[in-house]
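Chain and residue survey
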Amino acid sequence: MRPLKITLTGLLVLIVFALSTSLFAQDGGLLAQVTTAAWLRSGPGTEWRRLEVLQAGRALRLDGHSPDGLWARGITSGGTVGWMGIRFLNVSSDQVLALPEIWVDTPFTLPAPPASADSTTAPAAATPVPSVSDNTSSPGGGLLVSASTRVNMRSGPGTTFSRLATITSGTPLLVDGRDSSGRWVRGIVPNGTVGWVSTGGVSISASQLAGLPIINPASPFVLPPPGSNAVAAPNNPPAATVPNNPVASTAPVTGFAYGGHIRNFNTTTFNAMWRAGMTWIKVQVRYYAGQDPSGLSGMINAAHSGGFRILLGIVGVTSELNNGGYYDQYAAYVAGAAALGADAIEVWNEPNIDREWPGGQIDPAAYTNLLRTAYNAIKAANPNTLVVSGAPAPTGFFGGCSGGGCDDNQFVAGMAAAGAASYLDCVGVHYNEGILPPSQTSGDPRGSSSHYSRYFWGMVNTYTSAFGSSRPLCFTELGYLSPEGYGTLPGGFAWAQNVTVAQQAAWLDSAVALARSSGRVRLVIIWNIDYTGVFGDDPMGGYAIIRPDGGCPACDALGS
């Protein structure tokens, strides 16, 4: 028998082949095992809901990593999909970073690994492979980076902390650590100011960020200021860097997701949303002619730093609509928002009533002209930004459609007839007058009980029919009003006087589930999260899921 002869090159090929077949599964993704017992979570951070504890040896088929490069998403042999800190896995950060960067709401498509992939013994953690970009420490200690954009330095790791200074692009920053989420780093600038900066505003690679220690904000800072001529070492390779330009991290919106309309960018609001499993934030912005869109960057970056996509509802001023060139000015503003990284833009708000469109001139074709101008500008600036048509006010008051106002079914039908389907990715819908479970399609005790706007399915079917199912729906407001904890509702809202907080929680949970399973809805934005305490002629606090006592039953229902 001829002896087996293997050259060194052949041996290396065999080793590489063996490693690749064990790590990169035939069904796709990266196959990893847990090195020590750790929580699998619903999102990339310790603030996200715990799903289950994975014991050492459990297998995960990974499909991608978080933008900060510290968390990977995968599926267990039991079929549970969740996020795990890379430090708990027997694969290196380089291997994980070779996977695509994903968002929480990116659909998971890989099959579960077989039960045989699970092991009863803890696998060894992968040996980190050093790279040039890890060699950026300052001779005096710390990591030298630089601001990649104009960014606020704050007294703590979050937007709720006071602003100490604003540093400009290129300013050197000597960093000594990060917070537990990996979204903030602490450092010192040449003038001696010490504070926290969002990682989205500095040139730092994922491997550099992962190498920084997690520090207590109260711990003393001991590093000296960097010299004014200090230059941060380049990040290498580029694929491992945290994007400097928010557009680079704006992935195409796919699948189904839900979130909430917020008033405050603070820990209380974010904690409630994380608890509820939400992945989207909506904020409504009023545009005035000549306004610069750069003012939107703070909220866009704050949303992304919190792990959320952001929908900006951008509505102009009614009295300015007839000014010459206004459509183009508005389009330039929303295009600027897209360029800054807005994940979705709702073009206007309730254009079927004279509160938001000039009385006597309400016309679905006129609105479609604005939508067309805005859509083309947005897509030229950022083709990944989702364009949502302005949701009409749900109403049967007008008995048709005229310059004085339109019933919403007539308005969306008029939009479709004017060719709006070519200028939107998603049809905007509002639903906020329900007093029955969303599964019901009849039985509303109010007058006009058969009107479609009384029912969740009435709205879905009406708006789907208008566009012949050619476009999905986006509920940019979906809420249930409850006066519990406040008192008597004002007369115009007395119809919801008997709705309890428990019903609000159950109905929101059911509406999200029905929307998800319908195949016709892409996004649900709950109206609202944190307008708590605002209760008067417009009782917005009654819609808020954070209630006056600080509880959030809807968060528990949605997150369970």
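Residues numbered from 1 in each chain as written. Predicted model: local features only at pLDDT ≥ 70, side-chain atom pairs only at ≥ 80, totals over all residues. Heavy atoms only, no water.

We now examine the overall build of the protein. Along the protein, the regular secondary structure elements total 12 helices and 22 strands. Among the 560 residues that make up the protein, the fraction classed as buried is 53%. Residue pairs in contact within the protein that sit at least 24 positions apart in sequence constitute 70% of those at least 6 positions apart. A total of about 22,400 Å² of accessible surface is found on the protein, and carbon and sulfur atoms cover 54% of it. (Helix = DSSP H or I, 4+ residues; strand = E, 2+ residues; numbered from the N terminus. Buried < 20%, exposed > 50% of the residue type's maximum accessible area, 1.4 Å probe, protein only. Contact = heavy atoms within 4.5 Å. Areas by Shrake-Rupley, 256 points an atom, 1.4 Å probe, with all protein chains shown as cover.)

With that out of the way, let us pick up helix α7 (residues 364-381). A rise of 1.5 Å per residue sets the reference length of α7, with its 18 residues, at 26 Å; its end C-alpha atoms lie 25 Å apart and thus fit the reference within 8%. Inspection of α7 places P364, A366, Y367, T368, L370, L371, T373, A374, Y375, A377, I378 and K379 among the buried residues, and these make up the whole buried set. Along its buried surface, α7 packs onto α6 (326-339), β16 (344-347), β17 (386-389), β18 (401-402), β19 (405-406) and α8 (408-417). The opening residue of α7 is D363, an N-cap whose side-chain oxygen sits 3.0 Å from the backbone nitrogen of A365. (Expected span 1.5 Å × (residues − 1). Polar contact = N/O pair within 3.5 Å; in protein donor to acceptor, adjacent residues only side chain to side chain.)

Before going further, it helps to spend a moment on the packing of α8 against helix α9 (residues 456-466). In the contact formed by α8 and α9, the axes pass within 8 Å of each other and the chain directions differ by 25 degrees. When the axes of α8 and α9 are compared, the pair comes out roughly parallel. α9 is crossed by α8, and the crossing has right-handed handedness. Facing D408, N409, V412, A413 and A416 of α8, the residues of α9 in contact are M459, T462, Y463 and A466. Of the residues that constitute the contact of α8 with α9, the class distribution is 6 nonpolar, 2 polar and 1 charged. (Axes fitted to C-alpha atoms, helices over the stretch in contact; angles between N-to-C directions. Parallel < 35°, antiparallel > 145°, perpendicular 65-115°, else oblique. Left-handed = near helix turned anticlockwise from the far one by under 90°. Nonpolar A, V, L, I, M, F, W, Y, C, P; charged D, E, K, R; others polar.)

Our next topic: the sheet that holds strand β21 (residues 473-478). Within a beta sheet, neighbouring strands are joined by backbone hydrogen bonds and run either parallel or antiparallel to one another. Spatially, 8 strands are ordered β17-β16-β15-β14-β13-β22-β21-β20 in an open sheet, and the strand pairing comes out parallel. Sheet topology places β17 and β20 (427-431) at the edges, where each strand pairs with a single neighbour. Across the sheet, the mean angle separating the axes of adjacent strands is 25 degrees when strand polarity is ignored. Relative to β21, β20 runs parallel, the two being bridged by 5 bridges. Counterpart to V427 in the pairing with β21 is L473. Here α7 sits on the sheet and contacts β16 and β17; the angle it forms with β17, its principal contact strand, is near 170 degrees. This element, α9, spans β20 and β21 of the sheet and lies at about 160 degrees to β20. (Pairing = 2+ DSSP bridges.)

For the structure shown, the criterion picks out 12 salt bridges. One continuous salt-bridge network, built from bridges that share partners, spans E52, R58 and D118. (Salt bridge = Lys/Arg side-chain N within 4 Å of Asp/Glu carboxyl O.)

Further remarks concern the nonpolar core. In this structure, L312, I314, Y330, F456 and V524 are the most contacted members of the largest nonpolar core, which totals 113 residues. Excluding residues within four positions of it along the chain, L312 makes contact with V283, V285, L296, M299, I300, A337, A342, A344, I345 and E346. Judged by nonpolar contacts, the second largest core, of 15 residues, contains A32, A38, L62 and V96. (Core = buried A, V, L, I, M, F, W, Y, C linked by side-chain atoms within 4.5 Å.)

Purely geometric numbers; function is a separate question.
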